[in-house]
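# Examining the three-dimensional arrangement
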Amino acid sequence: MKTSFRKRWKPGFISYVLVLTTGAILSLMMLFAYRKALAAHALQSQIQLRTDYSEKENAVLRSIVAITPNRAIRAMKGDSRNAANIGPLSWQSIFTESISLANAGTSVSGEIVTSLNIPNLKMGNAGDSALGSPDRIFAPVTPQANATFVSPGINRSLGNGYPVPLTCDDGATSTADLTYPIISSNKKYGALAQAGLNSATLNGDGVNTYGLSVADYSGFTRLKYPNINFGYAKPGDPFVAKRNWWAFSVDVAGNDSNLTKVALSKRNYVLSIYEIPSQLSISASSYMSFGQYASGEAWQNVNISGAVYASKAKVEGTPTLSSLSTRRSMTLPSDTTFGGKPLPNNPFAPGVRENYQLTVGDFFPVSLASESGRAAFVPINRGANFFDRFAHADETNAVSSTTWNNYSVGALQCAMRLDIIERNSAIDSAPTAVRFSYMKNGVRFEKRIEYTGGPVIGLDKSWTYCAKQDENRNFGTNVYEVAYYGTKTDGTTGVVSTLPGITGSVDFTNDMFGATGSDHLVYYRSAPPFDRYSQNGKWYIAVYPPRFKEYLAGEGADSVAVNNSLVVNVDYTSILLPQPLIPCTERDYRVVLKECNDMTSFPKGFSLVTNLRTYFDDNFNMVLYKDGVPATPVPAGYTGTADTYYPPCSIFAPEKRYGLDAEPLEVDLHGQIGSLASETDKDPVRPLDAKSGRDVVMAPSKIKVNLRPITHPAELPPITMMNWLILLEERRNEYYSPTGSPW
């Protein structure tokens, strides 16, 4: 059987219009989707480019912070103006090198590209380029003649949101600051800064607690510590500093905007170098130990207020500290407390700082300089060279008007100089001549003082014949030391006695000097503020600080307001004088401070710098009042009282001893302590250890310490150690209001 089946379909038709319309709609939808995809791709590309540029900008800015202080130092060094040296010091070179150091020309490093091992790899980032036109990336924030890259913060105000400007009357410095980062003593606070210093530091009650008169404090003034994690001071608290700054705008995309078609808004930044004199209770660019003496005994009778700083720190035991900041690292016991509050076991772990500030207090008491990405802290530590002015050659032809050695070496900064220039022989180390120099009418004068070959036996050449016995001599207002020469009570001939502090009209009689007989002669000299003497076979240079006032007046020199610092060195350029060693040896000369209980004759303080072991043979700087009246006038603008203001003094010596022969019953230290040791030393410096004049380590029970930070420029001694804080901040809208200004 055979069967066949055929299905009959209904008749129909095809509409070309419908097909074409549907096809057109689908094609348009596809094109729309493709266009959207292209737009999304372009948008994503721009977002990625902007993100890439933002990361590049951050890397470049961090590089600027790292490079600038190095260039500022090199601009202060001798011969930096030479053609071979000056090029890398410019802002153009700094910015160009920052781009290179940040590797900002590529989005992926060469190491990563190599590790991918992809043949014929093509980079699709349109933002990758050499970025070889820094003038299209960096620009001054406001137009200024001869300013190509930055707007220096001197001699003109840039308005709200910018720091107060410095003033510079030296045209060469002002011109150089347009092209190079210049640190100079010629840059000061002047009238342009006064209103800003006042308005930026007013409290809510309208009381100006920080701003000081620029007429009184033009070099260093009181500023607010910036809002950064590095706790040299608490953010917003006053600290003593001078702020050098330069403003510039940044647009990393500007170099290739014609290719990438990406336009970014320029952002304005302020790069600051704060010059910060050492002012903390303990401040040193050294490796330091806190809490124990070298004997292993814990600190006793120690009171430290304010912050403590060291380049590297090791906390031992449980010292009472308010805060600790370091440049490199710190080692803390697990039970460390700061300000009476326990510290988390791992204080630098992510989130610990933020949790502490939310739950315990707004100021985190430990910090590393590396915690602030656009900040760097640079301690200026010249080590042993700080004590020795003969270790440095003269610097000339520098870009900056302030040379590096004169800026960073305390021995070169002293107004007065006392050099041992001759000794008796290669065998006999007795000093036979010294050279003393001082400032007179702003010019350095010097005189040679010999300790042999005087007018008579027993007196050196510094003595001059004055009068005969029973004669009168009127010295006027000058003060001198006189010697009575003739027959002594034992019948021999020589110097009967000497009397210091002689002034006015004087009759020279036997009764005055406790002598008998006739035909005595009188010799005189300006009462010397220094002398030599020998004890136990060792030679000392004795320094009597209170005598300088009258001695300088007798020489017609500038007052102790100018001649307020002294360096004592050995001129080892002489063949017979060996260079002093550090640590000091038994063959080296020594310096001993005498009659130094009362330092009130120095209205601006006193500083001593020496590369010799120094002995305190008297109380030092203990006098506040004389006959119920403050002996030292309280400086203008000083917020303390006469009950707390002593003449600010500093002593810089490689080794210090307390007492000379007798063991001191107690040493009571007030003020600040520092160290010029290296942070690379294997053993830490123990800042509170002390030795007696007999070189015996003092027991902790004999040492009392009360340290506090300097909070006012009037408390700065003539010679200090210096630190730099380099900070790069963006100028944001919230800074524009004067009342909210962070400057």
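Nothing here was measured: the structure is a model prediction, and the numbers come from that model.

## Side note on a nonpolar patch on the surface
Taken together, the side chains of Ile-25, Leu-26 and Met-29 define a hydrophobic patch exposed on the protein surface, amounting to about 310 Å² of accessible area. Structurally, Leu-26 is set in helix α1 (residues 16-76). The class of Leu-26 is exposed, set by a relative accessible area of 53%.

## So, the sheet that holds strand β34 (residues 656-658)
Taken in spatial order, the five strands of this open sheet run β25-β26-β28-β30-β34, and their pairing is mixed. Each end of this open sheet is capped by a strand with a single partner; those strands are β25 (530-535) and β34. Neighbour-to-neighbour, the strand axes of this sheet turn through a mean angle of 30°, independent of strand direction. For strand β26 (residues 538-543) and strand β28 (residues 590-593), the ladder comprises four bridges, and the chain directions are parallel. Looking at β28, one finds that Ala-542 is bridged to Val-592.

## Describing the side chain of Ser-437
Relative to the assigned elements, Ser-437 resides in strand β17 (residues 431-440). Separated by 3.0 Å, the side chains of Ser-437 and Arg-444 make a polar contact. Every residue in contact with Ser-437, bar those within four places of it in the chain, is listed here: Ala-415, Met-416, Arg-417, Arg-444, Phe-445 and Glu-446.

## Regarding the pairing of strand β29 (residues 606-610)
Of all five residues that make up β29, five are buried, and the element is covered over most of its length. Covered by surrounding structure in β29 are Phe-606, Leu-608 and Thr-610 together with Ser-607 and Val-609, the residues of both alternating faces. Examined bridge by bridge, strand β27 (residues 565-570) and β29 share four bridges and lie parallel to one another. Directly across from Leu-566, in β29, lies its bridge partner Leu-608. Here β29 runs beside strand β33 (residues 649-652); their pairing, made up of four bridges, is parallel. By the bridge assignment for β33, Leu-608 is matched with Ile-651.

## Some remarks on helix α6 (residues 191-199)
Within the span of α6, buried status applies to Ala-193, Gln-194, Gly-196 and Leu-197. Those residues of α6 that are buried lie in contact with β5 (221-224).

## Structural notes on the packing of aromatic side chains
Applying the stated criterion to the full structure yields 44 aromatic pairs. When the centroid spacing of 6.1 Å and the interplanar angle of 65° are considered together, the rings of Phe-138 and Phe-248 count as edge-to-face. With Phe-138 in strand β1 (residues 138-140) and Phe-248 in strand β6 (residues 238-250), this residue pair connects regions lying 110 residues apart in the sequence. Assessed through its relative accessible area of 1%, Phe-138 is described here as buried. For Phe-248, a relative accessible area of 0% corresponds to the buried category. Between Phe-475 and Tyr-524, the ring centres sit 5.8 Å apart and the planes meet at 55°, which makes this aromatic pair tilted.

## Here we look at the confidence of the model for the protein
Considering every residue of the protein, the mean pLDDT works out to 86; 88% of them sit at 70 or more. Confidence, read as mean pLDDT per element, is least for helix α7 (residues 257-260) in the protein (58) and greatest for β29 (98). Below pLDDT 50 for its whole length, residues 202-207 participates in four contacts with residues either more than four positions away or in separate chains. The low-confidence segment residues 736-743 (pLDDT under 50) makes 18 contacts with residues lying over four places distant or belonging to another chain.

## Regarding the environment of Lys-77
Tracing the backbone through its elements, the reader meets Lys-77 in the loop between α1 and α2 (83-86). Apart from residues lying up to four places away in sequence, Lys-77 is in contact with Glu-395, Ala-398 and Trp-404.

## Description of helix α8 (residues 352-359)
Listing the buried residues of α8 in full gives Val-352, Arg-353 and Tyr-356. Along the long axis of α8, the arc covered by the buried residues comes to 100°, so they all point the same way. Seen from the open side of α8, the exposed residues pointing more than 90 degrees away from its buried face are Leu-358 and Thr-359. Contacts from the buried residues of α8 go to β13 (341-342) and β14 (366-368).

## Quick look at the nonpolar core
Ranked by internal contacts, the top residues of the largest apolar core, which has 65 residues, are Phe-290, Leu-324, Phe-436, Phe-530, Phe-548, Leu-566 and Val-568. Discounting chain neighbours no more than four positions away, the residues touching Val-568 are Leu-418, Ile-541, Val-543, Val-591, Leu-608, Val-609, Thr-610, Asn-611 and Leu-612. By size, the runner-up hydrophobic cluster in this structure holds 34 residues, among which are Val-65, Phe-95, Ile-380 and Ile-726.

## Quick notes on the sheet that holds strand β10 (residues 307-315)
Strand order across the open sheet formed by five strands is β14-β11-β10-β8-β36, with parallel pairing between neighbours. The sheet is open, and its two edges are formed by β14 and β36 (673-675), each paired on a single side. Looking at each pair of strands side by side, their axes are set apart by 50° on average, direction ignored. As defined by bridge partners, strand β8 (residues 282-290) adjoins β10 across seven bridges and the pair is classed as parallel.

What counts as what
Residues numbered from 1 in each chain as written. Predicted model: local features only at pLDDT ≥ 70, side-chain atom pairs only at ≥ 80, totals over all residues. Heavy atoms only, no water. Patch = residues over 30% accessible without salt bridge, like charges linked within 9 Å, V, L, I, M, F, W, Y side chains within 5 Å. Areas by Shrake-Rupley, 256 points an atom, 1.4 Å probe, with all protein chains shown as cover. Salt bridge = Lys/Arg side-chain N within 4 Å of Asp/Glu carboxyl O. Helix = DSSP H or I, 4+ residues; strand = E, 2+ residues; numbered from the N terminus. Buried < 20%, exposed > 50% of the residue type's maximum accessible area, 1.4 Å probe, protein only. Pairing = 2+ DSSP bridges. Axes fitted to C-alpha atoms, helices over the stretch in contact; angles between N-to-C directions. Polar contact = N/O pair within 3.5 Å; in protein donor to acceptor, adjacent residues only side chain to side chain. Contact = heavy atoms within 4.5 Å. Phe/Tyr/Trp six-rings, centres within 6.5 Å; stacked < 30°, edge-to-face > 60°. pLDDT = per-residue confidence, 0-100. Arc of directions from axis to C-beta. Core = buried A, V, L, I, M, F, W, Y, C linked by side-chain atoms within 4.5 Å.

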